[in-house]
Amino acid sequence: TLLGQVMHITFDIETIGTEDAEVISEIAAGITPPKTMSKPETIAKWEADDKPGLIEEAVKKTAFDGGLGRIVCIGWVIDSGEPQCVYMGQEPILLDAFFAAVIHATTIHYHGGKTEHAPVFVGHNISGFDLRFLWQRSVVHKIKPPASIPFHAKPWDKTLNDTMVMWNPEREKKISLDRLCKLLGIESPKGELDGSKVWEYVKAGRIAEVADYCKRDVTAIRECHKRMMFL
């Protein structure tokens, strides 16, 4: 990036649902048989056959809740540089590493922040998900993020470029990154692994594959963004 140009930080996070036994118990307690069931043997069969799957599904959904889920991987790329990723260690280590990278990049590029241009954060659905989740996890861990990250910006704010919103701002016409890549002729990051399988991969000890997937996401987002910005 040349001096005076705006720096773009493209990022993506991968999250999983709660692993807290107490929270999982609460979720399980809230899942009850259909009201149409009254026979004890029918209820017992439902509890044996159907309830475990419903509990697992509900726990998985907490991956979208910044108060209950957690980040297992953060990928980012500064301008046209090489994608970076942190995925080893506890969640606070991941947050600290990403925030340190943001501070380092902005300090070097802006010579201590003395510039009229704030960095622009780029991502797919970051205004609807990633930024809020990242902020919530920072609050949970009492970690102060860099002031340059626009956590509370509106989707149209100049400090962020959300490729989902850029393509179509209408809420009911959201587009997946996979679909957007296909429309633009950009290689999709989605293969055997996608966001819905992250928890399975983490449980199986395949976190390095999740990290590679996250980096492919970041690269694809950067390419989609370039196309839409005509960079």
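Below is a summary of the structure that appears in this document. Keep in mind that this is a model prediction, so the values were computed, not measured. (Residues numbered from 1 in each chain as written. Predicted model: local features only at pLDDT ≥ 70, side-chain atom pairs only at ≥ 80, totals over all residues. Heavy atoms only, no water.)

So, the nonpolar core
(1) Moving on: The biggest cluster of nonpolar side chains holds 25 residues, and the ones touching the most others in it are F11, I13, I71, I74, F98, L134 and I149.
(2) Moving on: Those elements giving two or more residues to this core turn out to be β1 (8-16), β2 (70-78), α4 (91-110) and α5 (126-140).
(3) Moving on: Here the element with the most residues in this core is α4; it accounts for seven residues.
(4) Moving on: If we skip the residues at most four places from it in the chain, I13 touches I71, C73, I74, F129, D130, F133 and L134. (Core = buried A, V, L, I, M, F, W, Y, C linked by side-chain atoms within 4.5 Å. Buried < 20%, exposed > 50% of the residue type's maximum accessible area, 1.4 Å probe, protein only. Helix = DSSP H or I, 4+ residues; strand = E, 2+ residues; numbered from the N terminus. Contact = heavy atoms within 4.5 Å.)

Observations regarding helix α9 (residues 207-229)
(1) Moving on: Its 23 residues give α9 an end-to-end C-alpha distance of 33 Å, which sits within 8% of 33 Å, the value for a rise of 1.5 Å per residue.
(2) Moving on: Looking one or two residues beyond α9, the residue adopting positive phi is F230, at roughly 55 degrees. (Expected span 1.5 Å × (residues − 1).)

Description of the pattern of salt bridges
(1) Moving on: Within this structure, the stated rule accounts for ten salt bridges.
(2) Moving on: For E209, the salt bridge is made with R206, and the minimal N-O distance between the two is 2.8 Å.
(3) Moving on: Owing to a relative accessible area of 35%, E209 belongs among the partly exposed residues under this scheme.
(4) Moving on: Between E223 and R222 there is a salt bridge, and its shortest N-O distance comes to 3.9 Å. (Salt bridge = Lys/Arg side-chain N within 4 Å of Asp/Glu carboxyl O.)

Observations regarding the packing of aromatic side chains
(1) Moving on: The final tally for this structure, using the stated rule, is six aromatic pairs.
(2) Moving on: For the ring pair F11 and F98, a centre distance of 5.6 Å and an interplane angle of 35 degrees mean the geometry is tilted. Linking F11 in strand β1 with F98 in helix α4, this pair joins segments that are 87 residues apart in sequence. Each member of the pair F11 and F98 is classed as buried. (Phe/Tyr/Trp six-rings, centres within 6.5 Å; stacked < 30°, edge-to-face > 60°.)

Regarding the layout of surface pockets
Where empty space is left becomes clear once a probe the size of a water molecule has been rolled over the atoms.
(1) Moving on: Looking at the largest pocket, its volume works out to about 700 Å³.
(2) Moving on: Around the largest pocket, the lining comprises 29 residues; the ones closest to its centre are E14, F64, F129, G195 and S196.
(3) Moving on: Looking at the lining of the largest pocket, the elements with two or more residues in it are β1, α3 (51-61), α5, α7 (177-184), α8 (198-203) and α9.
(4) Moving on: At five residues, β1 tops the list of elements feeding residues into the lining of the largest pocket.
(5) Moving on: Grouping the constituent residues of the lining of the largest pocket by class yields twelve nonpolar, seven polar and ten charged.
(6) Moving on: By volume, the second largest pocket amounts to about 300 Å³.
(7) Moving on: Along the walls of the second largest pocket sit 21 residues, with E19, R70, V72, Q90 and E91 positioned nearest its centre.
(8) Moving on: Elements with a contribution of two residues or more to the lining of the second largest pocket: β2 and α4.
(9) Moving on: It is α4 that provides the largest number of residues to the lining of the second largest pocket, a total of three residues.
(10) Moving on: Classifying every residue of the lining of the second largest pocket by side-chain character gives eight nonpolar, eight polar and five charged. (1 Å grid on protein atoms, 1.4 Å probe; cavity = no way out; pocket = protein on both sides within 12 Å on 5 of 7 lines; lining within 4 Å. Points joined across faces, edges and corners; volume = space filled by probe spheres on them. Nonpolar A, V, L, I, M, F, W, Y, C, P; charged D, E, K, R; others polar.)

What to know about the pairing of β1
(1) Moving on: For β1, the buried fraction is high: nine of the nine residues fall into the buried class.
(2) Moving on: A two-sided burial pattern is seen for β1, the buried positions comprising H8, T10, D12, E14 and I16 on one face and I9, F11, I13 and T15 on the other.
(3) Moving on: Across three bridges, β1 lies against strand β4 (residues 120-123) in parallel orientation. Looking at β4, one finds that I9 is bridged to F121. (Pairing = 2+ DSSP bridges.)

Focus on the environment of T159
(1) Moving on: In this fold, T159 is placed in the loop between α5 and β5 (160-162).
(2) Moving on: Along the primary structure T159 and S148 are separated by eleven residues, whereas in three dimensions their C-alpha atoms are 8.7 Å apart.
(3) Moving on: Ignoring any residue separated from it by four or fewer positions in sequence, one finds T159 in contact with A118, P119, V120, F121, P150 and A153.
(4) Moving on: Polar contacts involving the side chain of T159 include one to the side chain of D157, which spans 2.6 Å. (Polar contact = N/O pair within 3.5 Å; in protein donor to acceptor, adjacent residues only side chain to side chain.)

Focus: the sheet that holds β4
(1) Moving on: Strands sit in the order β3-β2-β1-β4-β5 across an open sheet of five strands; the sheet is mixed. Because the sheet does not close on itself, it has two edges, and the strands there are β3 (84-86) and β5. Each neighbouring strand pair of the sheet contributes to a mean axis angle of 25 degrees, computed without reference to strand direction.
(2) Moving on: The sheet contact formed by β1 and β2 spans eight bridges and is antiparallel. In the strand pairing of β2, I13 is matched with I74. (Axes fitted to C-alpha atoms, helices over the stretch in contact; angles between N-to-C directions.)

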